[in-house]
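# Fold and geometry: a report
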Amino acid sequence: MSTLEQNRPPHPWQFFRVGGFDQVKLETWADLARLAELDQKLWVALSVPARGLALDEKTLALVDTDGDGHIRPPELLAALDWAGARLKHKEVLVQGSPALALEWLDAAAHPALRAALEHILAGLDKAGATEISVADTCEAVQRFAAQPLNGDGIVTPASTEDAELAALIGDLASAYAGPLDRNGQAGVDQPLYERFQAELQQLNAWQQAPAREPGCQPLGPATAAAGAALAAVAAKIDDYFTRCRLAAFDPKAGALVNGAEEQFKALGLQQLDESSAAMAALPLALVEAGRPLPLSNGINPAWGAAMAAFREQLVQPLLGERETLDEAGWHSLCQTMAAYQAWQAARPESPLGSWEPARLEALADGDLPARLQALIAADQALQPEAEAIAAADQITRYVRDLPRLVHNFVAFRDFYSRQQAAAFQAGTLYIDGRSCELTLEVLDPARHASLAGLSGLYLLYCDCSRAGARKQIAAAVTAGDADQLLVGRNGVFYDRDGQDWDATVSRIVEHPISLRQAFWSPYKKVARLVAEQVQKFAAAKSKGADELLAAKTAAAAPAAEAPKPAPFDAARFAGIFAAIGLALGALGTALASVVTGFLGLKAWQIPLALAGILLLISGPAMAMAWFKLRNRSLAALLDANGWAVNARARINIPFGTALTQLARLPEGASRSRQDPYAEQKSPLGLFIVIGILLTLLVLYLTGHLGA
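Not measured: the values here are computed from a predicted model.

Before going further, it helps to spend a moment on the overall build of the protein chain. Within the protein chain one finds 27 helices and 17 strands. Every one of the 707 residues in the protein chain was classed for burial, and the buried ones make up 36%. Here the analysis covers contacts within the protein chain between residues at least 6 apart in sequence; of these, 67% occur between residues at least 24 apart. As displayed, the protein chain offers around 39,700 Å² of accessible surface, 59% of which is attributable to carbon and sulfur atoms.

Structure (structure tokens):
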């Protein structure tokens, strides 16, 4: 830091508190210009993914200078500095603008940029226009990229009308996997050209070696075929003569080195042909001490074709017609071909090695490489123009997108002010009579599943599809209840562009949604438990009735075959009836005690007692839900998507309620409460309850309960 900067007075930062933490206000260019001085511990985020946001990914790629897919504070600060240095009206970087007014530019400091913008407008038949949009610069970038020469230093077959040169460029781009031009086609740049030239000279010099050293080709043009025939059998012939020397060393080894008996037995059980691997593993011919190698008769059938080529291509031209080859003759052949083999081993490794030698020689001696070099130089000469157009596109993008990136990076102003959707909000999910606005596109499902649950939010993971496209979202449910939210439930998701997607719930992360849900949860659990028990009881009775019917059906069989019924056990049933009576008595006594206690209270105490009972039942669930709801955090949800959130970013109960809207009738709407298909409620249950209460009251008043 310079002395001038050290002596500069501190910037008067302003903060606002929302979400349970302090966030900086960025309302003037002075705030942005001094942003590097703000302690990064006060930034809401320290890293933002360069995709999956409601921002143009091309703009994010420009800010992400290292191309690692994440934007960090130094990259954001560098983008602000770059844009601020080119603008005279710098306040636009605070509010943003869909178009760049030419008067906002600092034309004196950057005349080439002003000229490029005017040139772009003139090319779009907008000469004299006072502002330019991203759509304008984007079209100019595409037009320039489509030109034969576009200033990126890469030439493609389309860069020239010279058919011979275009063919060379295409072959080089294919052989070397050349770099991509601005138009997306593979081509040739200066580094690739230099590599091509070096390897071309090496290969051409290697090809000229036989002219300087005749020993490299003892058979002239036929040497290549002879070398291939030699390479095919060399190892097997060495193996044969080695076995013969072993047999000479010890006669007992002669039978063993010809193959074990078990090998031949195994071969006898197979369907053999000359491609049999087991047969090819046997010796080349019958091994005996000092025995020369037969060249026709007595050869292992698996090696017959290779040995025939070896005899015709190499033995006969060098040693004449013969039926056998001794070890001395074999070494003589190898020595004759040694220079050729050494020359082949020195062959330079290059993608050009598969090209015809005549073509390589013509390229080395001709002017085609020089024409290629001149074409690359012509393309490089347009680099300043290309850079000016790219800078024009960059400045218009920064004016439009940088302010929103700042307000979703340094602070979460957009999210907490709710004036517009935050950059990370993917859209709105409509499901089960509610709309969920806090939705994120899931970029990495495995990472998201491991971290998002720590947010304390009730999350619906939905698989979305539209016209063959698919993606996954995570939607936070922050109002209502979860009674009808089930895996497999369908809804509709509207993305940031208003496009509708079919959404199906694939996974649910359960957490408290609201205090209202927590209050009723114990009663709903009891109701579900009672319903399940009633269903089980009904199922058991139904099964018993079926078994009884089956038993009566079986009783219609002949008497001799019918089983003898068990005698009636009066004592057993008496015990059952007694137990039932005791249970009913205990239940009645308990109920009577409760009623007696209530009747003993004064009128104003009864509502308090009822409230106490409700609090006793629902209080623990509400207390737990309250602690969890006030600790809900946006940080874990964003971290699961690759962010590095630097604050807890809480979503308290009032704010959470605003993020999920429940179905409500429009203002001024009327509603008829008459439902012609409404179920008729039976008063039987009410009569039973009233009867029990009256009976208990009569018993109490007559003093029977006191006994």
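Moving on to helix α16 (residues 327-345). Its maximal kink placed at alanine 338, α16 deviates by approximately 45°. For α16, the set of buried residues is Gly329, Trp330, Leu333, Met337, Tyr340 and Trp343. On the buried face of α16, the contacting elements are α9 (190-207), α10 (209-212), α11 (223-249), α15 (304-319) and β8 (324-325).

Next up on the list: the sheet that holds strand β3 (residues 45-49). With respect to topology, three strands assemble into an open sheet ordered β4-β3-β16, the strand pairing being antiparallel. On the outer flanks of this sheet lie β4 (70-71) and β16 (644-645), each paired with one strand and no other. When β3 meets β16, the two strands line up antiparallel, connected through two bridges. When the sheet's bridge partners are listed, alanine 45 is paired in β16 with valine 645.

Let's shift gears to a nonpolar patch on the surface. The grouping of Tyr430, Val492 and Tyr494 at the surface amounts to a nonpolar patch, some 260 Å² of accessible area in total. Mapped onto the secondary structure, tyrosine 430 falls in strand β9 (residues 427-431). Judged by relative accessible area, tyrosine 430 falls into the partly exposed class, the value being 43%.

Once that is clear, we can look at the sheet that holds strand β17 (residues 660-662). Pairing in this open sheet of eight strands is antiparallel, and the strands run β11-β13-β12-β15-β14-β9-β10-β17 from one edge to the other. At either margin of the open sheet sits one strand with a lone partner, and together these are β11 (439-441) and β17. Within the sheet, the average angular offset between the axes of one strand and its neighbour, ignoring direction, is 30°. Taken together, the nine bridges between strand β12 (residues 458-466) and strand β13 (residues 469-477) define a ladder with antiparallel strand orientation. If you follow leucine 459 over to β13, its bridge partner there is alanine 476.

Attention now moves to the side chain of histidine 407. Relative to the assigned elements, histidine 407 resides in the loop between α19 (383-406) and α20 (413-417). When residues no more than four places from it in sequence are discounted, the contact partners of histidine 407 are Leu26, Val94, Phe412, Arg413 and Asp414.

A few words now on the pattern of salt bridges. One pass over the full model with this rule turns up 27 salt bridges. Close ionic contact of arginine 311 with glutamate 323 constitutes a salt bridge, the shortest N to O distance being 2.9 Å. Here arginine 311, found in helix α15, pairs with glutamate 323, found in the loop between α15 and β8; they are twelve residues apart in sequence, far enough to count as distant. One salt bridge connects arginine 489 with aspartate 432, and the closest N-O pair in it is separated by 3.5 Å. Residue arginine 489 is located in the loop between β13 and β14 (490-495), and its partner aspartate 432 is located in the loop between β9 and β10 (434-436); the two are separated by 57 residues in the primary sequence. Judged by its relative accessible area of 30%, arginine 489 falls in the partly exposed class. By sharing partners, the salt bridges in this structure join Asp56, Asp393, Arg397, Arg400 and Asp401 into a single network.

With that settled, consider the packing of aromatic side chains. In the structure shown here, the tally under the stated rule is 16 aromatic pairs. Aromatic pair phenylalanine 310 and tryptophan 330: ring centres 6.0 Å apart, planes at 65°, arrangement edge-to-face. Here tryptophan 330 lies in helix α16 and phenylalanine 310 lies in helix α15, a separation of 20 residues in the sequence. Summarising the burial analysis for this pair, phenylalanine 310 and tryptophan 330 share the class buried. By way of ring pairs, the aromatic residues Phe21, Phe412, Phe415, Tyr416, Phe424, Trp643 and Phe655 are connected into one cluster. Above the plane of the ring of tryptophan 355 lies arginine 359, whose end atom (NZ or CZ) is 4.2 Å from the centre.

What counts and how
Residues numbered from 1 in each chain as written. Predicted model: local features only at pLDDT ≥ 70, side-chain atom pairs only at ≥ 80, totals over all residues. Heavy atoms only, no water. Helix = DSSP H or I, 4+ residues; strand = E, 2+ residues; numbered from the N terminus. Buried < 20%, exposed > 50% of the residue type's maximum accessible area, 1.4 Å probe, protein only. Contact = heavy atoms within 4.5 Å. Areas by Shrake-Rupley, 256 points an atom, 1.4 Å probe, with all protein chains shown as cover. Bend = angle between axes of the 7 residues up to and from the residue. Pairing = 2+ DSSP bridges. Patch = residues over 30% accessible without salt bridge, like charges linked within 9 Å, V, L, I, M, F, W, Y side chains within 5 Å. Salt bridge = Lys/Arg side-chain N within 4 Å of Asp/Glu carboxyl O. Axes fitted to C-alpha atoms, helices over the stretch in contact; angles between N-to-C directions. Phe/Tyr/Trp six-rings, centres within 6.5 Å; stacked < 30°, edge-to-face > 60°. Lys NZ or Arg CZ within 6 Å of the ring centre and 35° of its normal.

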